Amino acid sequence: MIIGLIGFGKVSQNLLKLIESEDIEFATSLEGRSDDTRRRIENSKIRILDSFKDVAAESDILISATSPKSSLEVAGLYGKYCKGIYLDLNNISPETTLQITEHVDNLVDGAIIGKIDSKNPILYISGKSSDELLFLDEFIPTKKVSDDVGDAARLKMLRSTYTKTLSALLIESQSLARGQGLEDEFFEILSLTEGDDFKEKSVSRINNTLNSSKRKSEELEEIIDYFENEDLTMVRAALKKISR
Ligand SMILES: NC(=O)c1ccc[n+]([C@@H]2O[C@H](COP(=O)([O-])OP(=O)(O)OC[C@H]3O[C@@H](n4cnc5c(N)ncnc54)[C@H](OP(=O)(O)O)[C@@H]3O)[C@@H](O)[C@H]2O)c1
């Protein structure tokens, strides 16, 4: 089996490490790529083809892991050459996922929960052909959401509704507690009900949000756009807080 990779950054590199099997060969191309990406590809054990068109045509599974912005363009350029399954792993909205179906016959919508290089990332997939990708569970925990393309993206968005809004609340509560000189006690008392690792997880969540507040704000804006007719009082407040 050939797995083709479009995009060779953190996600693809880690997939290459995780999916180790004599029956699977990975392929990609250097076409149009930056020096960094070319170096990463040349230092990896992966077959290099002349073009991404060739990669798409030769792959049984074609994985797009480029960037949210380029996902639709990449699908438009190479989706038509893919005769196998096209797995999109970009962090994109359910709307973009549906737009991709206009260019790709056999789309599976994938959402990686947790960073791909974290201890236990999980891959959620949806779409009619997802069953054919369940063998990936042998290498990375893989769960099928449904037969409907877009459900994995929607599920990830619902998760973000909770986690990103919670992060904003944590930032506010931690700052309040610090101002009162009770930060350690604040985390200690919450750990009693929220679990022993509450402080560690909260601090990581807070730092992560503060370090990429622009991206987090954009993701909250996307949620608000997508669920425009729903009551999103808390999400809107989180956006206001994180945008400051
Ligand atoms: N990292 C994670 O844990 C994680 C988790 C969930 C979802 N995702 C999603 O997965 C995708 C990839 O993430 P990443 O962390 O691997 O990104 P990354 O490290 O920034 O790597 C992106 C790769 O895609 C390539 N690329 C960009 N545009 C391309 C195009 N038009 N054609 C071909 N290659 C292109 C880049 O090449 P150049 O250097 O040449 O531009 C680079 O090799 C993103 O959409 C992200 O939202 C990531």
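In this text, all values refer to a predicted model and were calculated from it rather than measured experimentally. (Residues numbered from 1 in each chain as written. Predicted model: local features only at pLDDT ≥ 70, side-chain atom pairs only at ≥ 80, totals over all residues.)

1. Notes on the domain arrangement of the protein
Here is the rule: Bear in mind that the domain bounds are from an automatic or database domain assignment. Remark: residues whose backbone-derived C-beta atoms lie within 7 Å of one another are considered to be in contact. Where helices and strands are cited, they refer to DSSP runs of H or I of at least four residues and of E of at least two residues respectively, numbered from the N terminus. Amino acid classes used here: Ala, Val, Leu, Ile, Met, Phe, Trp, Tyr, Cys and Pro are nonpolar; Asp, Glu, Lys and Arg are charged; the rest, including Gly, are polar.
With domains assigned, the protein is organised as domain 1 (2-148) and domain 2 (154-243). For domain 1 versus domain 2, the separation of C-alpha centres amounts to 30 Å. Each side of the interface is counted separately: domain 1 has 7 residues, and domain 2 has 7 residues. Elements with a minimum of two residues in the side of domain 1 that touches domain 2: α5 (94-100) and β6 (107-113). Of the residues assigned to the side of domain 1 that touches domain 2, the class counts are 5 nonpolar, 1 polar and 1 charged.

2. Thoughts on the nonpolar core
Basically, it comes down to this: As used here, a nonpolar core is made of buried Ala, Val, Leu, Ile, Met, Phe, Trp, Tyr and Cys residues. They are joined through C-beta atoms within 7 Å. Backbone-placed C-beta atoms define the burial measure: a residue is buried with 20 or more other C-beta atoms within 10 Å of its own, exposed with 12 or fewer, and partly exposed in between.
Ranked by size, the top nonpolar core spans 49 residues in total, and within it L5, I6, L62, I63, Y86 and L87 carry the most contacts. The element best represented in this core is helix α6 (residues 151-179), accounting for 5 residues. Residues from two domains meet in this core; each of domain 1 (2-148) and domain 2 (154-243) gives at least three. Residues contacting Y86, with those up to four places away along its chain left out, are L62, G79, V104, N106 and L107.

3. Things to note about the site of the ligand
The condition that has to hold: Each residue gets a C-beta atom placed from its backbone. Should that atom fall within 6 Å of a molecule or strand, the residue is termed near it.
The full set close to the ligand counts 22 residues, and G7, G9, S34, N90 and N91 are the nearest of them. Every element with two or more residues in the shell around the ligand is listed here: α1 (10-18) and α2 (35-42). Of the residues belonging to the shell around the ligand, the class tally is 9 nonpolar, 9 polar and 4 charged.

4. Quick look at the sheet that holds strand β2 (residues 25-29)
The test is simple: Pairing between two strands requires that DSSP report at least two bridges joining them. With axes taken as lines fitted to C-alpha atoms, and helix axes fitted only over the stretch in contact, angles between N-to-C directions fall between 0 and 180 degrees.
Strand order in this open sheet of 8 strands is β3-β2-β1-β4-β5-β6-β7-β8, and the pairing throughout is mixed. The sheet terminates laterally at β3 (47-49) and β8 (142-146), the two strands that pair on one side only. Geometrically, the sheet is characterised by an average inter-axis angle of 30° between neighbouring strands, direction not taken into account. Judged from the 4 bridges that link them, strand β1 (residues 2-6) and strand β4 (residues 61-64) form a sheet pairing that is parallel. Bridge pairing links I6 to S64 in β4.

5. Digging into the environment of L239
The topology assignment puts L239 in helix α10 (residues 233-243). Distance in space between the C-alpha atoms of L239 and E219 is 9.2 Å, their sequence separation being 20 residues.

6. Considerations on the packing of α6 against helix α8 (residues 198-211)
We apply this condition: Working rule for angles: under 35 degrees goes down as roughly parallel, over 145 as roughly antiparallel, 65 to 115 as roughly perpendicular, anything else as oblique.
Two numbers describe how α6 lies on α8: the axes approach to 9 Å, and their chain directions differ by 105°. As far as their axial angle goes, α8 and α6 are roughly perpendicular. The segment α6 lies against α8, with S167, L170, I171 and Q174 engaging S202, R205, I206 and T209.

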